[in-house]
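Geometric and topological summary
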Amino acid sequence: MEYEIKPQKGFSLNFREIIQYSELFYFFTWRDIKVKYKQALLGFLWAILQPLFTMLIFTFFFGNLLGVPSDGIPYPIFAFSGLLMWNVFSSGLSSAGNSMVSNAHIIKKIYFPRLIIPMSSVLVAVFDFFMSFIVFIGLLIYFQMDVDILKMCLFIPASLLLTIICTFGMGSFLAALNVKYRDFRYIIPFMIQSLMFLTPVIYPVSIIKYQWAKYIIAANPMAGAVDLARAAIINKPIQTDLMLISVISAFLFLFIGLFYFRRTEYYFADIA
Amino acid sequence: MKPILEIQNISKKFRIGGDSGGYKTLRDNLFPKDRKKKDKTEFWALQDVSFDVFPGDTIGIIGKNGAGKSTLLKILSRITPPTKGKIICRGRIASLLEVGTGFHGELSGKENIYLNGSILGLKKTEINKKFDEIVDFSGVEKFLDTQLKHYSSGMQLRLAFAVAAHLEPEILIIDEVLAVGDAEFQRKCLGKMEEVGNSGRTIIFVSHNLPQLQSICKQGILLEHGSIKFNGKTNKTITEYLRAKNAEGVIDVINMPKVIKSDLFQISSFRFKKNKDFFEQENIEMIICFIVTGVINELNIGFSLSDLSNNLLIECRSSGTYPSYDVKPGEYEIALQIKPQLKNGVYYLSLGANCSSGNLEYIPHVAEIEILPTLTNIELWKNNSNGLLITNSTWSINQTK
């Protein structure tokens, strides 16, 4: 084994190195999941209760009081299918965005591919997804939904993948920015809140009157992800043009995020 | 044989100053306050450092604070990149810039062993294999399932070092981690380090603790202002370091904080005649100058040595030699020589004076004295005296039955 340590310039993904450190990746994820639910009395149950309560509140306010349409399916199912993906994004983004700063003490003392940290933050959110997915199945059974299993097996993973790409891209971008500019600690929660309005979690895209507004919303990759998740249970064709915009935008975020992260990671230890 | 590490012209630049210290805010970047004043203060933490390390070398890096030791270690362990130059590595490096990196209070001792081990670069199977050994070394087996936050700091440290001690890289980089913990545990760690060194592993070790360096490293590198000042055998490097340290010369006593002071009497300077660090049972020679501005009756000057926890160990006064010493205004110089029977360690020296009408001056912690172990035999059992003080004893054992 021979390698060089020299001034760092340029950009390389160096996936091989990340694979070498895959065990550390696993340990970081494992640590974050463990710590997250450690001192909570109900433990992992919170991963189920959180989206469930949010769904109930949404159903009460938006479904019952405001009468928001739900593409012909019961509003609880509608809201929950959106929340399923949205929660991965919001919790993944906020923990990934703060991950480099909160792990600064480790970064300053030991070397490993820094990308592992935001990556494992996103993975913790994916773990929560699987917990709440169980609830989702329960809801589908409770409301006696007529679900095409094949469609479900196709669209849910695709939607999750899109969510992960988008969360990881934006997360690593924000993580790197956060090291340099601590302002982002305050910007991130605000950003997530604003993005929620741009994501059809509580409302269907179909109620938007203007076509241009639909395009703007589609530029938010999470809109595409939520739509994909719903397509699994609603009998309605996917709008290909909107979906394409979302997918392209997700990959754009991924590329920008990875590029910026890799460009700046060498100096994290100096400024963190 | 090819060197395992080739350090070639390594330089590292930091930007210092600036209003926000380390990190910038977004506003600073969007709206730079004053383009011309944009701070360009550069600071070279390392300049043109080159040396080769061969397999099995044990190298100690010494230097004053700010000489660039930690920066060099950080570059070697890839935490921060160099600004110029390059390093060719031909082996797996594990760096211990801190013990217990990544320890998490919410996790149990057992979980932390795995987490810390994998951060340090151990594979899970390796940790499994060494788990019992690690637990054994740490001596915390009773508390393995207890959350780390309930551990005492000493226990955390033991656990941390136990994991670190079981790393088996080709090159081990260590930064002053041994300067902590109780004496017994330090000795255990030191033993382990020596063992690692003897097993042919390459070690690069930074420490202010000269006795430790002496016992672990065969070779020493002295850093000064970011460049190598000396590279050679450890004791030669230490001597060189001590010479540089003592060249700073006279200690300015006048501006030191004083507990007692008077208008009549002032100690003006203090210096060691030769060096500031001594070997056990070596003569310590000091020169003390004082200024008298009025007539003082029965002047009595004293000095004391105390240990790091401020226990008074030795106090000597001039009244033994000069029982009733009356002085006129003027400047005076004292030559003082002592031969303390103290064990190796760091001691504080304090100065004071009184006279028939009361106390004149008392200055605590005028200087630090480092007493080094006699270099030939470091192992304690070889010494015929152990403990705080060195005592010569005469033994006579006869068989009576």
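Counting from 1, residues in each chain are numbered in the order their sequence is written. Both sets of labels track the order of writing: A upward for chains, 1 upward for ligands. pLDDT decides what is reported in this predicted model: residues at 70 or higher carry local features, side-chain atom pairs at 80 or more are listed and counted, and totals for whole chains, interfaces and linings draw on all residues regardless. Calculation of side-chain values draws on the structure's entire complement of heavy atoms; hydrogens and water are dropped beforehand.

With that out of the way, let us pick up the overall build of chain B. Scanning chain B from terminus to terminus reveals 8 helices and 18 strands. Looking at the 401 residues of chain B, the share that counts as buried comes to 46%. Contacts spanning at least 24 positions in sequence make up 72% of the contacts within chain B whose residues lie at least 6 apart. Carbon together with sulfur atoms contributes 49% to the accessible area of chain B, which is approximately 20,600 Å² in total. Helix and strand labels come from DSSP, where a helix needs a run of H or I of at least four residues and a strand needs a run of E of at least two; each type is numbered from the N terminus. A 1.4 Å probe rolled over the protein chains alone gives each residue an accessible area, and that area as a share of the maximum for its type sets the label: buried under 20%, exposed over 50%, partly exposed in between. In this description, contact between two residues means that some pair of their heavy atoms is separated by no more than 4.5 Å. What sets the accessible areas is the Shrake-Rupley method with a 1.4 Å probe; for residues, cover comes only from the shown protein chains.

A tally of helices and strands in chain A yields 12 helices and 1 strand. Moving toward the C terminus, one meets the helices and strands of chain A in the order β-α-α-α-α-α-α-α-α-α-α-α-α. We compute the radius of gyration from the C-alpha atoms alone; for a globule the expected value is 2.2 Å times N to the 0.38, where N is the number of residues. For 272 residues, the compact-globule formula gives about 19 Å, and the C-alpha radius of gyration of chain A, at 20 Å, lands near that figure. Based on the C-alpha atoms only, the size of chain A along its principal axes is roughly 60 × 45 × 35 Å. Per-residue burial for chain A yields a buried fraction of 53% across its 272 residues. Across chain A, contacts joining residues at least 24 apart in sequence account for 81% of those joining residues at least 6 apart. Carbon and sulfur atoms form 70% of the exposed surface of chain A, whose accessible area is close to 12,700 Å². Counting rule applied: Lys, Arg positive; Asp, Glu negative; His and chain ends not counted. Throughout, a charge is located at the NZ atom of Lys, the CZ atom of Arg, the CG atom of Asp or the CD atom of Glu. Distance between charge centres in chain A, computed from 20 positive and 14 negative side chains, equals 7 Å.

A pair is scored as a salt bridge if a Lys or Arg side-chain nitrogen falls within 4 Å of a carboxyl oxygen belonging to Asp or Glu. Counting across every chain of the model gives 11 salt bridges over all chains. The salt bridge partner of Glu-17 of chain A is Arg-78 of chain B, with a shortest N-O separation of 3.8 Å. Of the two residues, Glu-17 of chain A is situated in helix 1 (residues 15-20) and Arg-78 of chain B in the loop between helix 2 (69-76) and strand 4 (84-89); the pairing between them involves two chains. Note on Glu-17 of chain A: relative accessible area 10%, which makes it buried. Taking relative accessible area as the criterion, Arg-78 of chain B reaches 26% and is therefore assigned partly exposed. With a shortest N-O distance of 2.4 Å, Arg-317 of chain B and Glu-315 of chain B are connected by a salt bridge. For Arg-317 of chain B, a relative accessible area of 47% puts it in the partly exposed group. Judged by relative accessible area, Glu-315 of chain B falls into the partly exposed class, the value being 43%.

The next thing to look at is the pairing of strand 17 (residues 345-355) of chain B. All names here are of chain B. With 8 of 11 residues buried, strand 17 is to be regarded as a mostly interior element. Examined bridge by bridge, strand 17 and strand 18 (residues 358-372) share 10 bridges and lie antiparallel to one another. Bridge assignment links Asn-354 to a residue of strand 18, and that residue is Asn-359. At least two DSSP bridges between two strands are required for those strands to pair.

Among the surface-exposed residues, Asp-132, Glu-133, Asp-136 and Glu-141 of chain B lie close enough to one another that they form a single negatively charged patch. Within the secondary structure, Asp-136 of chain B sits in helix 4 (residues 124-138). Like charges are joined within 9 Å and nonpolar side chains (Val, Leu, Ile, Met, Phe, Trp, Tyr) within 5 Å, but only among residues with over 30% relative accessible area and no salt bridge; these make up the patches.

Once that is clear, we can look at unusual backbone geometry. Residues and elements named next belong to chain A. Despite not being glycine, Asp-71 has its phi angle at roughly 55°, a positive value. Position of Asp-71 among the secondary structure elements: in the loop between helix 3 (45-65) and helix 4 (75-102). For Asp-71, a relative accessible area of 24% corresponds to the partly exposed category. Positioned with a positive phi, Gln-144 is a non-glycine residue whose angle comes to about 50°. Counting through the fold element by element, Gln-144 comes out in the loop between helix 6 (116-142) and helix 7 (149-180). Given a relative accessible area of 70%, Gln-144 falls into the exposed group.

Only protein atoms enter the 1 Å grid used here. Points where a 1.4 Å probe fits but cannot escape make up a cavity, open sets with protein on both sides within 12 Å along at least five of seven lines make up a pocket, and a residue lines them when an atom lies within 4 Å of a point. Grid points are joined across faces, edges and corners, and a volume is the space filled by probe spheres set on the points. Per the stated rule, a full pass over the model turns up 3 cavities of 30 Å³ or more. Estimated volume of the largest cavity: approximately 90 Å³. Residue lining of the largest cavity: Val-205, Lys-214, Ile-217, Ala-218, Ala-223, Gly-224, Asp-227, Ile-238, Gln-239, Leu-242, Met-243 and Ser-246 of chain A, and that is the complete set. Of all the secondary-structure elements, those providing two or more residues to the lining of the largest cavity are helix 9 (211-218), helix 10 (221-231) and helix 11 (240-264) of chain A. Residue polarity follows a fixed list, in which Ala, Val, Leu, Ile, Met, Phe, Trp, Tyr, Cys and Pro are nonpolar, Asp, Glu, Lys and Arg are charged, and the others, Gly among them, are polar. For the lining of the largest cavity, the per-class residue count stands at 7 nonpolar, 3 polar and 2 charged. Taken as a whole, the second largest cavity spans an internal volume of roughly 70 Å³. At the level of secondary structure, the elements contributing two or more residues to the lining of the second largest cavity comprise helix 5 (153-165), strand 6 (171-175) and helix 6 (183-198) of chain B. Residue classes in the lining of the second largest cavity are distributed as 9 nonpolar, no polar and 2 charged.

Before going further, it helps to spend a moment on the packing of aromatic side chains. Residues and elements named next belong to chain A. Ring geometry is summarised as follows: Phe, Tyr and Trp rings, the Trp one being its six-membered ring, pair when their centres sit within 6.5 Å, and such pairs are stacked at plane angles under 30 degrees, edge-to-face over 60 and tilted between the two. Across all of its chains, the model carries 24 aromatic pairs over all chains by this definition. Ring geometry for Phe-58 and Phe-62: centres 5.6 Å apart, planes at 75°, overall edge-to-face. Of this pair, Phe-58 and Phe-62 are both found in helix 3, 4 residues apart, which corresponds to roughly one turn of the helix. According to the relative accessible area criterion, Phe-62 is partly exposed, its value standing at 23%.

Attention now moves to the interface of chain A and chain B. Counting residues at the interface gives 41 residues for chain A and 48 residues for chain B. In this description, buried area is defined as the sum, over both parts, of the accessible area (probe of 1.4 Å) that is lost when the two are combined. Summed over both sides, the interface between chain A and chain B buries roughly 3,900 Å², with carbon and sulfur atoms accounting for 60% of that surface. Of all residues in chain A, Tyr-3, Ile-5 and Lys-109 of chain A give up the largest surface area on contact with chain B, accounting jointly for 18% of the area buried on that side. Where chain A meets chain B, there are 3 salt bridges. In protein, a polar contact means a hydrogen-donor-capable atom and an acceptor-capable atom, both N or O and within 3.5 Å, with residues adjacent in sequence counting only if both atoms are side-chain atoms; elsewhere, any N or O pair within 3.5 Å suffices. Inspection of the chain A/chain B interface yields 5 residue pairs in polar contact (both at pLDDT 80 or more). Among the elements of the structure, strand 1 (3-5), helix 1, helix 2 (22-38), helix 5 (104-107), helix 7, helix 8 (184-197) and helix 12 (268-271) of chain A are those that each provide at least two residues to the side of chain A that touches chain B. Here the side of chain A that touches chain B takes 10 residues from helix 2 of chain A, the largest share from any one element. When grouped by side-chain class, the residues that make up the side of chain A that touches chain B number 23 nonpolar, 3 polar and 15 charged. Pairing of strand 1 of chain A with strand 4 of chain B, which is carried by 3 bridges, proceeds in the antiparallel orientation. Note on strand 4 of chain B: the bridge partner recorded for Glu-4 of chain A is Ile-88 of chain B.

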